[in-house]
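Listed below are the residues making up each chain.
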Amino acid sequence: MKRVLFMMAMFILAVAAPAFGAANTIVLDGSTTVGPLAKSFAAYFTKKYGVKVMVSESGSGNGAKGLINGSCDIATLSRAMKPRELSAAKAKGINPVQHIVALDGIAMVVHPGNPVKNLTKDQIAAIYTGRFTNWKEVGGPNAKIVVIQRESNSGTQEAFKELVMGKTAQISKAAETQASNGAIKNRVASTRSAIGFLGLGFVDRSVKPVAVNGVLPSVATVKSGSYPVSRPLYFYTAGQPTGTLKKFVDLPKTVDGKRIVSELGFVVK
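Definitions and cut-offs
- Residues numbered from 1 in each chain as written.
- Predicted model: local features only at pLDDT ≥ 70, side-chain atom pairs only at ≥ 80, totals over all residues.
- Heavy atoms only, no water.
- 1 Å grid on protein atoms, 1.4 Å probe; cavity = no way out; pocket = protein on both sides within 12 Å on 5 of 7 lines; lining within 4 Å.
- Points joined across faces, edges and corners; volume = space filled by probe spheres on them.
- Helix = DSSP H or I, 4+ residues; strand = E, 2+ residues; numbered from the N terminus.
- Buried < 20%, exposed > 50% of the residue type's maximum accessible area, 1.4 Å probe, protein only.
- Arc of directions from axis to C-beta.
- Contact = heavy atoms within 4.5 Å.
- Salt bridge = Lys/Arg side-chain N within 4 Å of Asp/Glu carboxyl O.
- Axes fitted to C-alpha atoms, helices over the stretch in contact; angles between N-to-C directions.
- Parallel < 35°, antiparallel > 145°, perpendicular 65-115°, else oblique.
- Pairing = 2+ DSSP bridges.

Participant: Would you mind going over the layout of surface pockets in detail, with residue names and values included?
Facilitator: Quantified by volume, the largest pocket comes out at close to 370 Å³. Considering the residues around the largest pocket, the lining is formed by 15 residues, among which R79, E158, A159, E162 and K167 are closest to the centre. Of all the elements in the fold, those that place two or more residues in the lining of the largest pocket are α6 (155-165) and β11 (230-238). Per-element tally for the lining of the largest pocket: the top contributor is α6, with five residues.

Participant: Give a description of helix α10 (residues 255-263) that names residues and reports values.
Facilitator: The complete set of buried residues in α10 reads G257, I260 and V261. End-on, the buried residues of α10 take up no more than an arc of 100°, which puts them together on one face. Summarising the geometry of α10, the exposed residues directed more than 90 degrees from the buried face are V255 and E263. Those residues of α10 that are buried are in contact with α2 (35-49) and β4 (96-110).

Participant: If you had to explain the pattern of salt bridges to someone new, which residues and values would you point to?
Facilitator: Evaluated as defined, the whole model comprises 11 salt bridges. Here R150 makes a salt bridge to E151, at a shortest N to O gap of 3.1 Å. The salt bridge involving D250 is made with K253; its shortest N-O contact spans 3.6 Å. What makes K253 exposed here is its relative accessible area of 61%. Three or more residues are tied together by salt bridges with common partners; here these are K246, D250 and K253.

Participant: I'd like a rundown of the packing of helix α5 (residues 121-129) against α6, residues and numbers included.
Facilitator: Relative orientation of the contacting elements α5 and α6 amounts to 125°, with a least axis distance of 9 Å. What the angle tells us is that α5 and α6 run oblique. The residues of α6 that touch α5, namely those facing K121, I124, A125, Y128 and T129, are F160, L163, V164 and M165.

Participant: An account of the pairing of strand β8 (residues 194-199) is requested, with residue identities and associated values reported.
Facilitator: Here β8 lies mainly inside the structure; six of its six residues are buried. Here β4 runs beside β8; their pairing, made up of five bridges, is antiparallel. Counted as the bridge partner of M108 is F197 from β8. Here strand β6 (residues 146-150) pairs with β8 via two bridges, running parallel. Residue pairing in the sheet places V146 in a bridge with A194 of β8.

Laid out in structure tokens, this is it:
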């Protein structure tokens, strides 16, 4: 009898073990812009609390879908959830709760050899709609503009369109599409006549940020609100987080979390 009871107990533990492991894993999916923050928070959190954190970067739209279908615990978005996403979530009994992780500026970048230093929002919109096709039309050299955008699933693409072009304007079909901030940076860095846009934390010396309406993107100008192409970055949870999940979501509010945000070139909220 004791042997039977022992075997039953071992069976129960074997079945319960994977569930325990799953319960102690936090899964994030979404924005490539929020990706560096999510990965740094994950490494810190695992080291400090021993909780496994998995981070994927399939785009803001897929992050929202993941939250709705239950494949992730936290959706990382570089734009707010759309009304149709919120409706889809509520249809499944899910109440998405928004948490601001950091602030970010969308930097307009060109090749370091491009002499253009400033563009107005109207000029950028004209470039991206295809109305301006040569750099000489905005005070630059006589060279065709190579326009680089993000894919349609990108939160940065959505934010750029809303902040610079307006929701109804259409980006030219001649624009080249890249799948990530890093891909845009590499393309602009290697293409003398290109223009693209990046999250502020991705800007380095391989590209040159240009001022927008006379204001350069920086931590200071994003924080003050003077840089006109700025946006919050988000975590979304299904309902108010509790326990370990809440501790992770609250990390950007802590001293160590704020340090991570700043070290990665983003702006503390």
